[in-house]
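Fold and contact review
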Amino acid sequence: MLADKITKYLEGEHHYSSDVLQSSCEQFGGSLARQLMGESQYEPRLRMSNLGACPRKVWLQIAGEKGEPINARTRMNFSFGDYVEVATVAIIRLMAEKEEYGIKIYEELVQGELEWEGIKGHADLPCSIDGQDVVVEVKSMSNYGFREFCKNGPGDMWGYPAQLQAYLRATGFETGLWLGVRKETGHYADYVELRDDEKYVPEAAHNMRKVASPDKPGKPSWATLTGEQTIKDVRCQYCDMKRPCWGPMTVEVIKNKPHYKVG
Ligand code: SF4
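Residues numbered from 1 in each chain as written. Predicted model: local features only at pLDDT ≥ 70, side-chain atom pairs only at ≥ 80, totals over all residues.

Concerning the overall build of the protein
For the protein, the helix and strand inventory stands at 10 helices and 11 strands. Against the globule reference of 18 Å for 263 residues, the protein gives a C-alpha radius of gyration of 20 Å, in line with a compact fold. In terms of overall dimensions, the protein has a C-alpha envelope of 60 × 40 × 35 Å along the principal axes. Looking at the protein as a whole, 28% of its 263 residues qualify as buried. Here the analysis covers contacts within the protein between residues at least 6 apart in sequence; of these, 70% occur between residues at least 24 apart. (Helix = DSSP H or I, 4+ residues; strand = E, 2+ residues; numbered from the N terminus. Rg over C-alpha atoms; globule rule 2.2 N^0.38 Å. Buried ≥ 20, exposed ≤ 12 C-beta atoms within 10 Å, placed from the backbone. Contact = placed C-beta atoms within 7 Å.)

Quick look at the structure:
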């Protein structure tokens, strides 16, 4: 749907007299500032973007728990991902200036904050493509992540579907479109996700209740220890709340990968 259009656009030559490039420069700057300042610039709260995240993590953030500092490599890795996403949104905006691509961006939805059930959020690009209203969400991915995305879509592990479903409810649109970008190679692929209230409304309500509760939520079902008491789940391994959540731990690096042992 969109990946093919972007590929076609990128294979052409274009001359710009557009303010899209100017605003993209500001977004690159904003993105760099965001990465350098980390979470400190935000007041932690439940937003559409973390609606599907581990509720215990969101609860700890709101309770004022400071996560572990991000190392330089991870910070730059996140920054690259951000830049690729900003560049992709800019490309779609430039395409929207040419009638042949059939894209109309709903600026009032892009610029304003969305709201659903008192939760706010900001979607990447609510727009119309070939006459169909869609909320486009751009995600930069590693080689591995992109291969998985091409086979199965974004998956549920990082809570992305809950985020997109919240945007769909807030906009009233029926169709979401994930646009995956492979960071290393510049390949694009897309994946359509339809609004599904039956599946996601109860899940979102469950998370909202947990985050709003005065009691710390228990560890989610997937966060279990097995075997030698090593944290197995990838979500916990990447979480900056590992230590406040699991307590003291030792780290052993095996084949360039950290293994976290608790207890
Ligand atoms: S370490 Fe795991 S269970 Fe704990 S807050 Fe992070 S994701 Fe949730």
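Description of the nonpolar core
Counting 48 residues, the largest nonpolar core has Leu51, Val134, Val135, Val136, Ala166, Tyr167 and Leu179 as its most contacted members. Among the secondary structure elements, those contributing two or more residues to this core are helix 3 (55-62), helix 4 (72-96), strand 4 (125-129), strand 5 (132-141), helix 6 (143-152), helix 7 (160-171), strand 6 (175-182) and helix 8 (197-212). A domain-level breakdown of this core finds at least three residues from each of domain 1 (3-218) and domain 2 (219-263). Discounting chain neighbours no more than four positions away, the residues touching valine 134 are Cys127, Ile129, Phe173, Thr175, Gly176 and Leu177. (Core = buried A, V, L, I, M, F, W, Y, C linked by C-beta atoms within 7 Å. Domains from an automatic or database assignment.)

A closer look at the sheet that holds strand 5
Strands sit in the order 1-4-5-6-7 across an open sheet of five strands; the sheet is mixed. At either margin of the open sheet sits one strand with a lone partner, and together these are strand 1 (103-105) and strand 7 (188-194). Sheet twist, expressed as the mean angle between neighbouring strand axes with direction ignored, is 35 degrees. Two strands pair when backbone bridges link them, and strand 1 and strand 4 are joined in this way by three bridges, in the antiparallel orientation. For lysine 104, the partnering residue across the bridge sits in strand 4 and is serine 128. Helix 1 (residues 3-10) rests against strand 6 and strand 7 of the sheet, and its axis sits at about 155 degrees to strand 7. Along the sheet face, helix 6 touches strand 5, strand 6 and strand 7 and points at about 145 degrees away from the line of strand 6. (Pairing = 2+ DSSP bridges. Axes fitted to C-alpha atoms, helices over the stretch in contact; angles between N-to-C directions.)

Digging into the pairing of strand 6
Taking burial as the measure, the eight residues of strand 6 include seven buried ones, the bulk of the element. Of the pairings in the sheet, the one linking strand 5 to strand 6 comprises eight bridges and is parallel in character. Each bridged residue has a counterpart across the sheet, and for glutamate 137 the counterpart in strand 6 is tryptophan 178. Relative to strand 7, strand 6 runs antiparallel, the two sharing seven bridges. Bridge pairing in strand 7 places leucine 179 opposite aspartate 190. Between strand 6 and strand 7, which follow one another and run antiparallel, lie five residues, and glycine 186 among them has a positive phi close to 80 degrees.

Points about the site of the ligand
If you check the shell around the ligand, you find Cys54, Arg56, Lys57, Lys219, Pro220, Ala223, Arg235, Cys236, Cys239, Met241, Lys242 and Cys245 and nothing else. Of all elements in the fold, only helix 3, helix 9 (234-237) and helix 10 (242-246) reach the threshold of two or more residues within the shell around the ligand. Partitioned by chemical class, the residues of the shell around the ligand number seven nonpolar, no polar and five charged. Of the domains in this structure, domain 1 (3-218) and domain 2 (219-263) are the two that each give at least three residues to the shell around the ligand. (Near = placed C-beta within 6 Å. Nonpolar A, V, L, I, M, F, W, Y, C, P; charged D, E, K, R; others polar.)

Considering the environment of methionine 249
Considering the arrangement of structural elements, one finds methionine 249 in strand 10 (residues 249-254). On the basis of neighbour count, methionine 249 is assigned to the partly exposed category, with 15 C-beta atoms found within 10 Å. Once residues within four sequence positions are removed from consideration, methionine 249 is found in contact with Lys242, Arg243, Tyr260, Lys261 and Val262.

What about the domain arrangement of the protein?
When its domains are assigned, the protein resolves into domain 1 (3-218) and domain 2 (219-263). Between the C-alpha centres of domain 1 and domain 2 there is a distance of 27 Å. Opposite the 10 residues of domain 1 that make contact, domain 2 presents 10 residues. In terms of residue class, the side of domain 1 that touches domain 2 is built from four nonpolar, two polar and four charged.

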